[in-house]
Amino acid sequence: MSDAEPMATGGEREEDEEYVNPSKGSIGLRAKKFLASKTAGSALGQKLINSLLGPKSQRIVSALTGIACELRGKKDAKSAQNDLYKIATKFRILVKDKKLNRENTKDLEEPLHRLGVKILDALSKKKINNESVQKIHKAVEMVRKTVSKKMKDHMQEKNFKKLQNLFDIYGDVKFLNIMLNEEKYATEKKDLYENLSLVLKEQMVELEKLRSDARLKVCEAYQCKNPSLRADGKFKGSKFCAFHHREWYDKRILDPKLFYFVEENEASAWLSTHLRNLPGSENKEFGDALKGVQPITIFNFLRTERAYQTLDRGLRQRRAEIIIRKYLTAGVKNFINVDKKMLEEMHKAMDQSDHRTEERADEYPRRQSIVYGATPKDLFSKVSSQAMERLDVVFKKSFLGSTEHEQYKNMVTLPESLVKLAKEQACSPCKI
């Protein structure tokens, strides 16, 4: 009987580290597994763990062993540390001999990725709640299930039990809670996070994405609880979720109207840029429609008039006087040249609004006076409609299809990756 084949007292072969089941691989592979078993706890076994945990790995492993010691006792904790090195070495051998490769471990990628993201997230925080600990434990169990299924054919039963024991110890809820929340392990926890963040780069990218999502505001559509969208390449992001963004912007892209580009700030900036850069020859082309007025002047009037409509009634008279002096007085530089009859009606409405103020008792200072007979909100509505008709000619013939219009569309068009999300996002019926 050789040293490599010890026999049990009943005449049966006793499972031991030196014995390798002939059915588990080639002679060369079995020899490497034998070597792995003999170097457990040695520099070779530790080197693999060090490459994962990075600098200060010994202190990190010591902390993990210390926690295991608290929960399982010194003997089991030390045994688990040795088994950790040993199993890591065996994994490495299987990878080098192509028994484990990207193709046959594909089903491991998702659970390992998910666990990595959760661990990094937990390590980055000072403390996590019990629900988060439970989620990490659940992720560990998912990894255990997949790894166990994959490794059962490559390990002796005794070593397979040791693998399960590692999951039992290091994936235990109590162990995770101590490691992630106990103040005395804060330094090791910080070191582990810094080291793993360098090794698990894909998981760090995913974690940053999740953090970015968490910072996003909720979609502004009525009663929608989906997150708003972040920027993605040319896409500038949105105050809406994918579903409502597409609902809001598709009509603006597929059927653009001048009203959108006057009313909305993001769209108006592109139209303003285009109008400011129009060459003089194009202004002459639209001469009849514009009646000699620069298109940017009409645009500025329309934007000012929209702002006027949102003013509190007590502020309207003063703003109306400014608008009239700047845009609606014959002879001034920015006169938009509207019909005299409209101007007369507008001045008459101004004269009829006496702008009388009365005091009243109210606990809020801003409400202690109310303006009666205020300048009407629709004071400039007819003038504005005529101005819109004029500018619409330039909008359709010059702006649509221009560089500025294309840039606007690129900024608000959903990327392909979000088109699918827009279709999938469930949301209660709502209006924007």
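Parameters at a glance
Residues numbered from 1 in each chain as written. Predicted model: local features only at pLDDT ≥ 70, side-chain atom pairs only at ≥ 80, totals over all residues. Heavy atoms only, no water. Helix = DSSP H or I, 4+ residues; strand = E, 2+ residues; numbered from the N terminus. Buried < 20%, exposed > 50% of the residue type's maximum accessible area, 1.4 Å probe, protein only. Contact = heavy atoms within 4.5 Å. Areas by Shrake-Rupley, 256 points an atom, 1.4 Å probe, with all protein chains shown as cover. Expected span 1.5 Å × (residues − 1). Bend = angle between axes of the 7 residues up to and from the residue. Axes fitted to C-alpha atoms, helices over the stretch in contact; angles between N-to-C directions. Parallel < 35°, antiparallel > 145°, perpendicular 65-115°, else oblique. Nonpolar A, V, L, I, M, F, W, Y, C, P; charged D, E, K, R; others polar. Phe/Tyr/Trp six-rings, centres within 6.5 Å; stacked < 30°, edge-to-face > 60°. Lys NZ or Arg CZ within 6 Å of the ring centre and 35° of its normal. Core = buried A, V, L, I, M, F, W, Y, C linked by side-chain atoms within 4.5 Å. Left-handed = near helix turned anticlockwise from the far one by under 90°.

We now examine the overall build of the chain. Summing up its helical and strand segments, the chain has 21 helices and two strands in all. Burial status across the chain gives 41% buried among its 432 residues. A separation of at least 24 residues holds for 67% of the contacts in the chain among residues at least 6 apart in sequence. Roughly 25,300 Å² of accessible area belongs to the chain as shown, and the carbon and sulfur atoms make up 51% of that amount.

The end-to-end C-alpha distance of helix α6 (residues 130-151), which contains 22 residues, comes to 31 Å, matching closely the 32 Å that a straight helix rising 1.5 Å per residue would cover. Within α6, the full set of buried residues consists of Val 133, Ile 136, Ala 139, Val 140, Val 143, Arg 144, Thr 146, Val 147, Ser 148 and Met 151. As for α6, its buried residues are in contact with α4 (74-96), α5 (106-123), α7 (157-170) and α8 (173-181).

What follows covers helix α11 (residues 242-254). Between its first and last C-alpha, α11 extends 17 Å over 13 residues, near the 18 Å set by a 1.5 Å rise per residue. Along its length, α11 shows its largest kink, about 30°, at Trp 248. Among the residues of α11, Ala 242, His 244, His 245, Trp 248, Tyr 249, Arg 252 and Ile 253 are the ones counted as buried. In this structure, the buried side of α11 is in contact with α12 (258-263), α13 (265-276), α20 (403-412) and α21 (416-424).

Our next topic: the side chain of Glu 188. Summarising the element assignment, Glu 188 is placed in helix α9 (residues 186-199). When neighbours within four sequence positions are excluded, Glu 188 is seen to be in contact with Arg 59, Ile 60 and Ala 63.

So, about the packing of α6 against α7. At a minimum axis distance of 11 Å, the contact between α6 and α7 shows a crossing angle of 170°. Looking at the two axes, α6 sits roughly antiparallel to α7. From α6, Val 140, Val 143, Arg 144, Val 147, Ser 148 and Met 151 reach across to α7, where they touch Phe 160, Leu 163, Gln 164, Phe 167 and Asp 168. Class assignment of the residues belonging to the contact of α6 with α7 gives a composition of seven nonpolar, two polar and two charged.

Take the environment of Phe 395 next. Along the chain, Phe 395 falls in helix α19 (residues 381-399). Sequence separation between Phe 395 and Phe 261 is 134 residues, and the spatial gap between their C-alpha atoms is 9.3 Å. The residues touching Phe 395, leaving out its near neighbours within four places in the chain, are Pro 256, Lys 257, Leu 258, Phe 261, Leu 271 and Leu 400.

Turning to the environment of Phe 299, a few remarks are in order. Tracing the chain through its elements places Phe 299 in helix α16 (residues 295-309). C-alpha of Phe 299 to C-alpha of Phe 261: the two residues are 38 residues apart in sequence and 9.6 Å apart in space. Apart from residues no more than four positions distant in its own chain, Phe 299 is found in contact with Phe 261, Val 262, Ser 268, Leu 271, Ser 272, Leu 275 and Leu 391.

Take unusual backbone geometry next. Not every positive phi belongs to a glycine, and Gln 223 is a case in point at roughly 65°. Relative to the elements of secondary structure, Gln 223 occurs in the loop between α10 (201-215) and α11. Unlike most non-glycine residues, Lys 291 shows phi in positive territory, near 55°.

The final tally for this structure, using the stated rule, is nine aromatic pairs. Here the aromatic rings of Phe 240 and Trp 248 are separated by 5.5 Å at their centres, their planes lie at 50°, and the arrangement is tilted. A residue is classified by how much of its surface remains accessible, and Trp 248, at 17% relative accessible area, is buried. On the numbers, 5.6 Å between centres and 65° between planes, the contact of Phe 301 with Tyr 327 is edge-to-face. Of this pair, Phe 301 sits in helix α16 while Tyr 327 sits in helix α17 (residues 313-327), and the two are 26 residues apart along the sequence. Each of the two residues, Phe 301 as well as Tyr 327, counts as buried. Aromatic ring contacts, followed pair by pair, group Phe 261, Phe 395, Phe 399 and Tyr 408 into a single cluster. Directly above the aromatic system of Phe 160 lies the positively charged group of Lys 152, at a separation of 4.4 Å from the ring centroid.

Quick look at the side chain of Thr 65 now. Here Thr 65 lies in helix α3 (residues 57-72). By relative accessible area, Thr 65 is classed as buried at 12%.

Moving on, we come to the nonpolar core. Counting residues in each nonpolar core, the largest one holds 50 residues, and the members touching the most others are Phe 301, Leu 328 and Phe 380. Elements with a minimum of two residues in this core: α11, α12, α13, α16, α17, α18 (340-352), α19 and α20. At seven residues, the largest contribution of residues to this core is made by α19. Leave out the neighbours within four places in its chain, and Leu 328 touches Phe 301, Ile 323, Phe 335, Ile 336, Val 338, Leu 343, Met 346, Phe 380 and Val 383.

Here the focus is the packing of α5 against α9. Between two packed helices, the angle of one axis relative to the other and the distance separating the axes together describe the packing. Where α5 meets α9, the closest approach of the two axes is 9 Å, and the angle between their N-to-C directions is 140°. In terms of orientation, α5 and α9 fall into the oblique class. The interaxial crossing formed by α5 with α9 has left-handed handedness. In this structure, α5 uses Ile 119, Leu 120, Ala 122 and Leu 123 to contact α9, whose residues at the interface are Lys 189, Leu 192, Tyr 193, Leu 196 and Ser 197. In terms of residue class, the contact of α5 with α9 is made up of seven nonpolar, one polar and one charged.

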